[in-house]
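Residue strings, one per chain:
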Amino acid sequence: MTVANIGDVEFGAELAAFEPDTSLSAVTAFAAAVGWGDGGGRFSDHDRARTQGLPGALVPGIMAMGFLTTMIHRWAPAGRVERVDTVFRAPLLADQPCHISAVVTDIDEDQGLVELDLSVKNEARETRIFGTARVKLPTG
Amino acid sequence: MVDIEDLKSRFLNLEFDRSDFEIGVENALTVALRTGETRPEFTDPEHADFQATPAMLASLASGRHLPIDFPNLGGIPMDGGKAVDCLRPVRPGTRLNGRTHLHDIYAKSGRSGRMIFIVSRMEIYAGSGEHLATSDSRMVIREKPET
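Here the structure is a predicted model, which means the values were calculated and not measured.

**Topic: the overall build of chain A**
Then comes step 1: A tally of helices and strands in chain A yields 3 helices and 4 strands.
Then comes step 2: Beginning at the N terminus, the succession of helices and strands in chain A can be written as α-α-α-β-β-β-β.
Then comes step 3: Structurally, chain A occupies a C-alpha span of about 55 × 30 × 20 Å along its principal axes.
Then comes step 4: A total of 140 residues make up chain A; the buried ones form 49% of that total.
Then comes step 5: Put simply, chain A shows about 6200 Å² of open surface, and 47% of that area lies on carbon and sulfur atoms.

**Some thoughts on unusual backbone geometry**
Trans is the common state for peptide bonds, and a negative phi is the common state for residues other than glycine.
Then comes step 1: One non-glycine residue, Asp 95 of chain A, lies in the positive phi region at around 65°.
Then comes step 2: Considering the arrangement of structural elements, one finds Asp 95 of chain A in the loop between strand 1 (80-88) and strand 2 (99-108).
Then comes step 3: With a phi angle near 65°, Asn 13 of chain B is a residue other than glycine that sits in the positive phi range.
Then comes step 4: Checked against the element boundaries, Asn 13 of chain B lands in the loop between helix 1 (4-11) and strand 1 (17-22).

**Here we look at the environment of Leu 68 of chain A**
All names here are of chain A.
Then comes step 1: By the element assignment, Leu 68 lies in helix 3 (residues 61-75).
Then comes step 2: In this structure Leu 68 comes out as buried when scored by relative accessible area, which is 0%.
Then comes step 3: Taking the C-alpha atoms as reference points, Leu 68 and Phe 18, 50 residues apart in sequence, are found 9.7 Å from one another.
Then comes step 4: Setting aside residues up to four positions removed in sequence, Leu 68 forms contacts with Thr 86, Ile 100, Ser 101, Leu 118, Ser 119 and Val 120.

**Structural notes on the nonpolar core**
Then comes step 1: One finds Ile 72, Trp 75 and Leu 116 of chain A together with Ile 23 of chain B to be the most contacted residues of the largest nonpolar core, which totals 66 residues.
Then comes step 2: With 9 residues, the single largest contributor to this core is helix 3 of chain A.
Then comes step 3: If near-sequence neighbours (up to four positions away) are discounted, Trp 75 of chain A is found in contact with Met 1, Thr 2, Val 3, Val 9, Leu 15, Val 104, Val 114, Leu 116 and Leu 137 of chain A.
Then comes step 4: Counting residues in each nonpolar core, the second largest holds 14 residues, with Ile 4, Leu 7, Ile 116 and Ile 141 of chain B among its members.

**As for the sheet that holds strand 1 of chain A**
Sheet strands associate in pairs through backbone hydrogen bonding, adopting either a parallel or an antiparallel arrangement.
Then comes step 1: Strand order in the open sheet formed by 9 strands is 2(A)-3(A)-4(A)-1(A)-2(B)-5(B)-4(B)-3(B)-1(B), with antiparallel pairing between adjacent strands. The sheet is open, and its two edges are formed by strand 2 of chain A together with strand 1 of chain B, each paired on a single side. Looking at each pair of strands side by side, their axes are set apart by 20° on average, direction ignored.
Then comes step 2: Across 8 bridges, the pairing between strand 2 (residues 78-86) of chain B and strand 5 (residues 131-142) of chain B is antiparallel. Bridging from a neighbouring strand, Met 78 of chain B pairs with Val 140 of chain B of strand 5 of chain B.

Analysis parameters
- Residues numbered from 1 in each chain as written.
- Chains lettered and ligands numbered in written order.
- Predicted model: local features only at pLDDT ≥ 70, side-chain atom pairs only at ≥ 80, totals over all residues.
- Heavy atoms only, no water.
- Helix = DSSP H or I, 4+ residues; strand = E, 2+ residues; numbered from the N terminus.
- Buried < 20%, exposed > 50% of the residue type's maximum accessible area, 1.4 Å probe, protein only.
- Areas by Shrake-Rupley, 256 points an atom, 1.4 Å probe, with all protein chains shown as cover.
- Contact = heavy atoms within 4.5 Å.
- Core = buried A, V, L, I, M, F, W, Y, C linked by side-chain atoms within 4.5 Å.
- Pairing = 2+ DSSP bridges.
- Axes fitted to C-alpha atoms, helices over the stretch in contact; angles between N-to-C directions.

As structure tokens, then:
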């Protein structure tokens, strides 16, 4: 379900999620595009990442932030993310599914603002990243 | 144990880095597509409102992570999180300037000792001087135990 304006938003509503692409190729391309290269294998090679003491190649935290803002943009095609704040609690691994979620926690109908709680969980449903977002929606 | 109030009095709100950036159109597009973005203002460089995603803005890094005279706290810094305030659209292919200062320093104690959180804030400006966005990087350092 999508929302066109602030009047469509319901308190407690969960945004429709999509399945983020956490494949190693996607992660590698993302890391290169933001100028991080392959991070010595950290974002491109599970074995090389393990030599750095990591459990495997990582999904960058800001890539997960990107998954979350994409979910918001899909939910509110006319909305604008004014602020997004994410806490990187634990590593998210490449080539493993992750589950993104967002729920409406506050609505300011006069200002057209929505507050969301965000989370990214791994396959074991452990929270890896959490945060909040403030989204501006049309009031008309 | 590090005196947090002393660190705050010495280092908060003092600009310690200015860096110039230009977000490449292809890079902005890759970041948008690899995070599943579908809205044309993020995925179509020909769109009149083509702009960088918040994740792309969060990737911009200052030349220095900390002021040059900031004390060594002992532990290895970890990336504790990012926040982005989007004030105006940031256009790929245009010149940007980032001005960085420490916005907050605080500590949290747990079973394994004290963790120090340092929030480095970069204000991102257009070449015209217009403030476009603000990006916070939350660095976490496990304090070295006193011997």
